[in-house]
Amino acid sequence: MILDSILDGVGGTPIVRLSRLFRDSPCEVMAKMELCNPGGSVKDRPARYIVERGLADGSIPCDAHVVESSSGNLAIALAMVCRLRGLRFTAVVDPKISPTNLRIIRCYGGNIEQVTEKDRQGGYLETRIECVKQMLRERPGTVWINQYANERNWQSHYHGEGEEILRDLDRPVDYLVLGVSTSGTLHGIARRLREAWPQLKVVAVNAAGSVLFGAPPYPRELPGIGASRVPELLRRDEIGDVIHVNDYESALACRELVKHEGIFAGGSSGSVIAAIQRLCARLPHSARILTILPDRGERYLDTVYNDEWLSRMRDRHLEHNPETSLNSTIGQAA
Ligand SMILES: Cc1ncc(COP(=O)(O)O)c(C=O)c1O
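Calculation rules
- Every chain begins its residue count from 1, and numbering advances along the sequence as written.
- Per-residue local features are limited, in this predicted model, to residues with pLDDT of at least 70; the limit for side-chain atom pairs, both in listing and counting, is 80 or more; totals at the level of whole chains, interfaces and linings are taken over all residues.
- Going along the chain from the N terminus, every DSSP run of H or I of four or more residues is numbered as a helix, and every run of E of two or more is numbered as a strand.
- Contact between residues is assigned whenever the C-beta positions, reconstructed from backbone atoms, fall within 7 Å.
- Scored from 0 to 100, pLDDT reflects the predictor's confidence in each residue.
- A pair of strands is labelled paired if DSSP reports no fewer than 2 bridges between them.
- Note on method: axes are straight lines fitted to C-alpha atoms, helices fitted across the in-contact stretch only, with angles between N-to-C directions ranging 0 to 180 degrees.
- What counts as a domain boundary in this text is fixed by an automatic or database domain assignment.
- Residues are grouped as follows: Ala, Val, Leu, Ile, Met, Phe, Trp, Tyr, Cys and Pro are nonpolar; Asp, Glu, Lys and Arg are charged; all remaining types, including Gly, are polar.
- Here, a nonpolar core denotes buried Ala, Val, Leu, Ile, Met, Phe, Trp, Tyr and Cys residues that are linked to one another through C-beta atoms within 7 Å.
- Exposure classification rests on a simple neighbour count of other C-beta atoms within 10 Å of a residue's own: a residue reaching 20 or more is buried, one at 12 or fewer is exposed, and one in between is partly exposed. C-beta atoms are placed from the backbone.
- Helix span, expected: 1.5 Å multiplied by one less than the number of residues in the helix.
- Should an angle fall under 35 degrees it is called roughly parallel, over 145 degrees roughly antiparallel, and 65 to 115 degrees roughly perpendicular, with every other angle called oblique.
- Should the near helix be turned anticlockwise from the far one by less than a right angle, the crossing is left-handed, and should it be turned clockwise, the crossing is right-handed.
- Contact assignment follows one rule, namely that a residue is near a molecule or strand if its backbone-placed C-beta atom lies within 6 Å of it.

A.B. asks: An account of the environment of N246 is needed here, citing residue identities and associated values.
C.D. replies: Summarising the element assignment, N246 is placed in the loop between β9 (242-245) and α7 (247-261). For the pair N246 and P231, spaced 15 residues apart in the sequence, the C-alpha separation amounts to 20 Å. Contacts of N246, omitting those with residues within four sequence positions, involve A208 and H317.

Okay, here's the thing in structure tokens:
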């Protein structure tokens, strides 16, 4: 296969049956490997789709300066896409950004605008958005991607993973279990699959401590899923169950994934695996379950795959769940 550019390598990701990890379960669990995308994550899809559609309809002029408030996968994906499309890109980040991500964005040629002042909530979200708005006011030609409200976010997954799943699977799945942050991935895939499989049950996986579904906020460290505000794109009525998974449970499941399946994945992949383990344990019958694994493990070497960090998260887990017996409910660290 010869591609005209690395962007043509976005998508077309394989689906893997997790038959080793779920060997003792009556459920069939399959995972679409979004971590195989060239920029390292599922966010390559909205980055490419939003920029290319925007260039095609003129909402992103060909000399635009693209800006987004993101310190993670979307910023990396946009830096890659903008590099190839000849656009300037600035990621608005805060001091919590990982040094690795900062360096990756710069390697792709992206600029960094780092806010330093905390907002009224004690976080940086409002300050980052204010910084974006100031750039829009002061620098003509600046275009804001705004992934939390951009309809092209979910549409990229509808035409992307949604279409590919229907092409690759010969029969319906019972459950779609996906992590949520902007909700673009979940809504895009679920809307496409439901057109073909109306009985599909959609389960959202949220980070414990995230406010997406109305729970009170508390500290969480893993990036990827969860949010500190409710996105404009989120439609609660299109989602069935919500399963909350904390940082410790996510990291343990990541370690099980690499141990049993040889898949070295990021924190939110562990979150969906932990949620599926919980779902399988309470189902009275076997089921066919599909998830996606959003990003690779390298960006999490200092967290998920670091034993000191894991032990801090274990202490925090026990503090919030004093009744939990670690051995019986979530297994042991690999
Ligand atoms: C690693 C990872 N997993 C899951 C998600 C959730 O995707 P969405 O924003 O489409 O809900 C994200 C989004 O940033 C992510 O980076």
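A.B. asks: Any details on the confidence of the model for the protein chain? Residues and values, ideally.
C.D. replies: On average, the protein chain scores 94 in pLDDT, and the residues at 70 or more come to 96%. Every residue in residues 327-334 is under pLDDT 50, and counting partners more than four places away or in other chains gives 12 contacts.

A.B. asks: Explain the sheet that holds β9 to me, using residue names and the numbers behind them.
C.D. replies: Across the sheet, which stays open at both edges, the six strands sit in the order β1-β2-β10-β7-β8-β9 with mixed pairing between neighbours. Whereas interior strands pair on both sides, the edge strands pair on one side only; in this sheet they are β1 (15-17) and β9. Within the sheet, the average angular offset between the axes of one strand and its neighbour, ignoring direction, is 25°. Sheet topology places strand β8 (residues 201-207) next to β9; four bridges connect them, and they run parallel. The residue of β9 that forms the bridge with V205 is I243. Each of β7 (175-179) and β8 is contacted by helix α6 (residues 184-196), which is oriented at about 165° to β7, the strand it contacts most.

A.B. asks: Any details on the domain arrangement of the protein chain? Residues and values, ideally.
C.D. replies: Considered domain by domain, the protein chain is made up of domain 1 (6-36 + 157-319) and domain 2 (44-144). Taking only C-alpha atoms into account, the centre of domain 1 sits 25 Å from that of domain 2. The interface of domain 1 with domain 2 comprises 12 residues on the first partner and 13 residues on the second. Of the residues assigned to the side of domain 1 that touches domain 2, the class counts are three nonpolar, six polar and three charged.

A.B. asks: Residue-level account of the nonpolar core, with values.
C.D. replies: If you look at soluble globular proteins, the nonpolar side chains tend to sit buried side by side. L176, V177, L178, V205, A275 and I276 are the most contacted members of the largest nonpolar core, which has 49 residues in total. At the level of secondary structure, the elements contributing two or more residues to this core comprise β2 (28-32), β7, α6, β8, α7, α8 (267-282) and β10 (288-292). In this view, L176 contacts I189, A190, L193, L200, V202 and L290; residues no more than four positions away in its chain are not counted. Listed in part, the 30 residues of the second largest apolar core include L74, A77, A79 and F89.

A.B. asks: Mind laying out helix α1 (residues 44-57), listing which residues take part and the relevant values?
C.D. replies: If you check α1, its first and last C-alpha atoms are 20 Å apart, about what 14 residues at 1.5 Å a residue would give, namely 20 Å. Listed as buried for α1 are D44, R45, P46, A47, R48, Y49, I50, V51 and G54. Here the buried face of α1 lies against β3 (65-69), α2 (73-85), α5 (151-168) and α6. Positive phi shows up at G58, right after α1, with a value of about 85°.

A.B. asks: I'd like a rundown of the pairing of β2, residues and numbers included.
C.D. replies: Inspection of the sheet shows β1 paired to β2 by three bridges, in the antiparallel sense. Its bridge partner being in β2, R17 is matched across the sheet by M30. Pairing analysis gives five bridges linking β2 to β10, with the strands arranged parallel. Bridge pairing in β10 places A31 opposite T291.

A.B. asks: Kindly report on the sheet that holds strand β4 (residues 88-93), identifying the contributing residues and their values.
C.D. replies: Within the open sheet, the four strands sit side by side as β5-β4-β3-β6. Their pairing is parallel. Each edge of the open sheet is held by one strand with a lone partner, namely β5 (111-114) and β6 (142-144). Each adjacent strand pair in this sheet contributes to an overall mean axis angle of 25°, direction not counted. Across five bridges, the pairing between β3 and β4 is parallel. Bridging across to β4, V66 finds its partner in F89. Here α2 sits on the sheet in contact with β3 and β4, set at roughly 170° to β4. Lying over the sheet, helix α4 (residues 125-138) contacts β3, β4, β5 and β6, oriented at roughly 165° with respect to β3.

A.B. asks: How would you sum up the packing of α1 against α5? Please name residues and give values.
C.D. replies: Closest axis-to-axis distance for the α1/α5 pair is 8 Å, and the angle between their directions is 110°. As the angle between them shows, α1 and α5 are arranged roughly perpendicular. Where α1 crosses over α5, the handedness of that crossing is right-handed. Contact with α1, carried on its side by R45, P46, Y49, I50 and R53, involves R152, N153, Q155, S156, H157 and G160 of α5 and no other residues of that element. When grouped by side-chain class, the residues that make up the contact of α1 with α5 number three nonpolar, five polar and three charged.

A.B. asks: Give me the lowdown on the environment of G9, citing residues and values where you can.
C.D. replies: Its place among the elements puts G9 in the segment before β1. Distance from G9 to G39, taken between C-alpha atoms, is 9.6 Å for residues 30 residues apart in sequence. For G9, the contacting residues outside a window of four places in its chain are L3 and P38.

A.B. asks: How would you sum up the site of the ligand? Please name residues and give values.
C.D. replies: Taken together, 18 residues surround the ligand, and among them T182, T185, G224, S268 and P294 come closest. Broken down by element, the residue count for the shell around the ligand peaks at three residues, all from α6. Grouping the constituent residues of the shell around the ligand by class yields four nonpolar, 12 polar and two charged.

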